Amino acid sequence: MRRWRTRGILAALFCTLAASSADHRTRGASLDRSASAWSEAEPSTVCSDDALVDAARAILSSHFDAAIGATAPASAEETGFQHLLSQLRGVLEQKTLDAMLAAQAIAHDDFDRAATQFRRVLSYQRPDGALPLLIYGPSTDATERWFSTDRTFFPGPAFWRAANASAVNVAVLAPPIAADVAWRMYRLAPFENAMGLTVHTTDAVTFLCDVYGPLRRLHKHIVTSRRAQVSSASLLEAWHPWETLSSFSTHWREPLSSLKLQKDYRAFVQAIPASAKARFNRGAVMQNGADSVEDFYEPMMFLAACLSKTNSSSSRSRVFDPLALSPQCGFAVHDVEFNTLVLRSAVALAEIARVLIERSSVCPVFDFTEDDLEGDRSPAD
């Protein structure tokens, strides 16, 4: 038992969430309720590490959505619509779990279940290798542009559909963490004895064989589409704050402000429902509440709509044209965090290639040669 003094917000939050998760009725509580709990916390609180682990397990279990086949942010009743998120939403959506990071968490207890979830998330990868930020569940009405609820600020499927197009095109990418998560999951996998050596199980290696191709395509897509074509800059371009894990940071204020000058901007933001703006504003604890909608939410939604429209019209084969996309939307940032995440995943992909050079022979099916794997061992590739 560890005794924590609740001088900081985090200690109070952890203990509050642990207590809340013990009671299923409070699992859907809003961030507002947790925020009020911080101010009401006792000067010191006894908080058990085991209780926090049990709380995390309970949340992961209760949020599993059988229809989608993976851990969802919460129930559709709590979030307003059935969906998965490929990105960690931070403070704006309480208890929203990144579907991949949820798989990594599950791997601590049940590697097979975690591997199944990770494969399921990758099944939503697009033919060009892109992994979209948002994945809608089958119960979500595909004709809705905005949801008639105050539980989410995300738009409906029709928001992402260009004129005269039938496909939903969530053009914002998930943050590039997939290969890094897969590698960390593998390191959490159980061991077995093989020819006198202690090695990861055949199932763990088979997992790497299964995900290597999709991860390789994802990495190639990011490096190819986000390399600056109009300058000598070596950093890759982020096309939306949601493609990072710090999308609510105030450092996005300045680059987002340039979008307000575009001719269709005012008409677009006026059409965003007040309920969606209010939901964003309630959770914008990292930003100035008075300006959070105007300076962050509205330009981010305008940018998302532009990316979706431009990407749909630029190529029927779903191959990005960087020269066509970024200038039209007026947003391409050489973000350090985005590039760091890409590099981490590149290093992880190289580590996966190293393992598969040695052990891919145990996989029932694997389409890559040793030369392919050797070529991928350098993150620079």
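A few points on the structure. (Residues numbered from 1 in each chain as written. Predicted model: local features only at pLDDT ≥ 70, side-chain atom pairs only at ≥ 80, totals over all residues. Heavy atoms only, no water.)

### Some details on the overall build of the protein chain
Helix and strand content of the protein chain: 15 helices and eight strands. The burial tally for the protein chain puts 53% of its 381 residues in the buried class. Long-range pairs, those at least 24 residues apart, make up 71% of the contacts in the protein chain between residues at least 6 apart in sequence. For the protein chain, the accessible area works out to roughly 17,900 Å², and carbon and sulfur atoms hold 53% of it. (Helix = DSSP H or I, 4+ residues; strand = E, 2+ residues; numbered from the N terminus. Buried < 20%, exposed > 50% of the residue type's maximum accessible area, 1.4 Å probe, protein only. Contact = heavy atoms within 4.5 Å. Areas by Shrake-Rupley, 256 points an atom, 1.4 Å probe, with all protein chains shown as cover.)

### Some details on the side chain of Ser308
Within the element layout of this structure, Ser308 appears in helix α12 (residues 292-314). Look past the residues within four positions of Ser308 in its chain and what remains in contact with it is Trp160, Arg161, Asn169 and Ala171.

### Some thoughts on the nonpolar core
Grouped together as the largest cluster of nonpolar side chains are 51 residues, with contacts concentrated most on Phe118, Met185, Phe207, Leu215 and Leu356. Of all the elements, helix α8 (residues 202-226) adds the most residues to this core, at 11 residues. Contacts of Leu356, omitting those with residues within four sequence positions, involve Val205, Leu208, Cys209, Tyr212, Phe366 and Leu373. Counting 39 residues, the second largest nonpolar core, distinct from the first, contains Phe154, Trp239, Val293 and Leu307. (Core = buried A, V, L, I, M, F, W, Y, C linked by side-chain atoms within 4.5 Å.)

### Some points on the packing of helix α5 (residues 99-106) against helix α7 (residues 178-188)
Put simply, α5 and α7 touch, their axes get as near as 9 Å, and they point 10 degrees apart. Classed by the angle they form, the pair α5 and α7 counts as roughly parallel. Across the interface between the two elements, Met100, Leu101, Ala103 and Gln104 of α5 pack against Ala178, Val181, Arg184, Met185 and Leu188 of α7. A per-class count over the contact of α5 with α7 returns seven nonpolar, one polar and one charged. (Axes fitted to C-alpha atoms, helices over the stretch in contact; angles between N-to-C directions. Parallel < 35°, antiparallel > 145°, perpendicular 65-115°, else oblique. Nonpolar A, V, L, I, M, F, W, Y, C, P; charged D, E, K, R; others polar.)

### Re the state of the cysteines
Under the definition given, this model contains two disulfides. In this model Cys209 forms its disulfide with Cys363; the gap between the sulfur atoms is 2.0 Å. Residues Cys209 and Cys363 share a disulfide whose torsion about the S-S bond is about 75 degrees; that sign makes it right-handed. On the criterion of sequence distance, the pair formed by Cys209 in helix α8 and Cys363 in the loop between α14 (336-359) and α15 (370-376) is long-range, its members being 154 residues apart. (Disulfide = S-S within 2.5 Å.)

### A word on the pattern of salt bridges
Side-chain pairs of opposite charge can arise where the charged atoms are in close proximity. In the structure shown here, the tally under the stated rule is 10 salt bridges. Close ionic contact of Arg184 with Asp180 constitutes a salt bridge, the shortest N to O distance being 3.2 Å. Pair noted here: Arg184 and Asp180 are both in helix α7, with a separation of four residues, about one helical turn. Across the salt bridge formed by Glu243 and Arg226, the nearest N and O atoms sit 2.7 Å from each other. With Glu243 in the loop between α8 and α9 (253-257) and Arg226 in helix α8, this pair connects stretches of sequence that are 17 residues apart. Arg226 matches Glu243 in its accessibility class, with the two residues each being buried. (Salt bridge = Lys/Arg side-chain N within 4 Å of Asp/Glu carboxyl O.)

### What about the pairing of strand β7 (residues 191-194)?
The pairing of β7 with strand β8 (residues 197-200) spans four bridges and is classified as antiparallel. Across the sheet, the residue bridging to Ala194 is Leu197, located in β8. The turn linking β7 back onto β8 is made up of two residues, and Met195 within it adopts a positive phi angle of 55 degrees. (Pairing = 2+ DSSP bridges.)

### Comments concerning helix α3 (residues 49-62)
The end-to-end C-alpha separation of α3 is 20 Å, in line with the 20 Å expected for 14 residues at 1.5 Å each. Of the positions making up α3, those classed as buried are Ala55, Ile59 and Leu60. One face of α3 carries all of its buried residues, which in axial projection span an arc of 130 degrees. (Expected span 1.5 Å × (residues − 1). Arc of directions from axis to C-beta.)

### Considering the packing of aromatic side chains
A complete count under the given rule lists 18 aromatic pairs for this structure. Look at Trp183 and Tyr186: their rings are 5.6 Å apart centre to centre, the planes differ by 25 degrees, and that puts the pair in the stacked class. Taken together, the residues Trp183 and Tyr186, both in helix α7 and three residues apart, mark about one turn of the helix. By the burial criterion, Trp183 is buried, and Tyr186 matches it. With 5.5 Å between their ring centres and 50 degrees between their planes, Phe366 and Phe368 make a pair best called tilted. Of the aromatic side chains, those joined through ring pairs into one cluster are Trp146, Phe159, Trp160, Tyr265, Phe268 and Phe302. In this arrangement the basic side chain of Arg226 is found over the ring face of Trp239, its NZ or CZ atom lying 3.9 Å from the centre. (Phe/Tyr/Trp six-rings, centres within 6.5 Å; stacked < 30°, edge-to-face > 60°. Lys NZ or Arg CZ within 6 Å of the ring centre and 35° of its normal.)

### Observations regarding α5
Taken across its eight residues, α5 has six buried, putting it largely inside the fold. Taken as a whole, α5 has its buried residues at Ala99, Met100, Ala102, Ala103, Gln104 and Ile106.

### Quick word on the packing of α7 against α8
At a closest axis distance of 10 Å, the pairing of α7 and α8 adopts a crossing angle of 170 degrees. One element, α7, and the other, α8, form an angle in the roughly antiparallel class. Residues Ala178, Ala179, Ala182, Met185 and Tyr186 of α7 form the contact with α8, whose participating residues are Ala204, Val205, Phe207, Leu208, Val211, Leu215 and Leu218. Residues of the contact of α7 with α8, tallied by class, amount to 12 nonpolar, no polar and no charged.

### Things to note about the environment of Ala174
Here Ala174 is to be found in the loop between β6 (134-136) and α7. Classification of Ala174 as buried rests on a relative accessible area of 8%. Sequence separation between Ala174 and Thr244 is 70 residues, and the spatial gap between their C-alpha atoms is 7.8 Å.

Keep in mind these numbers describe shape, not what the thing actually does.
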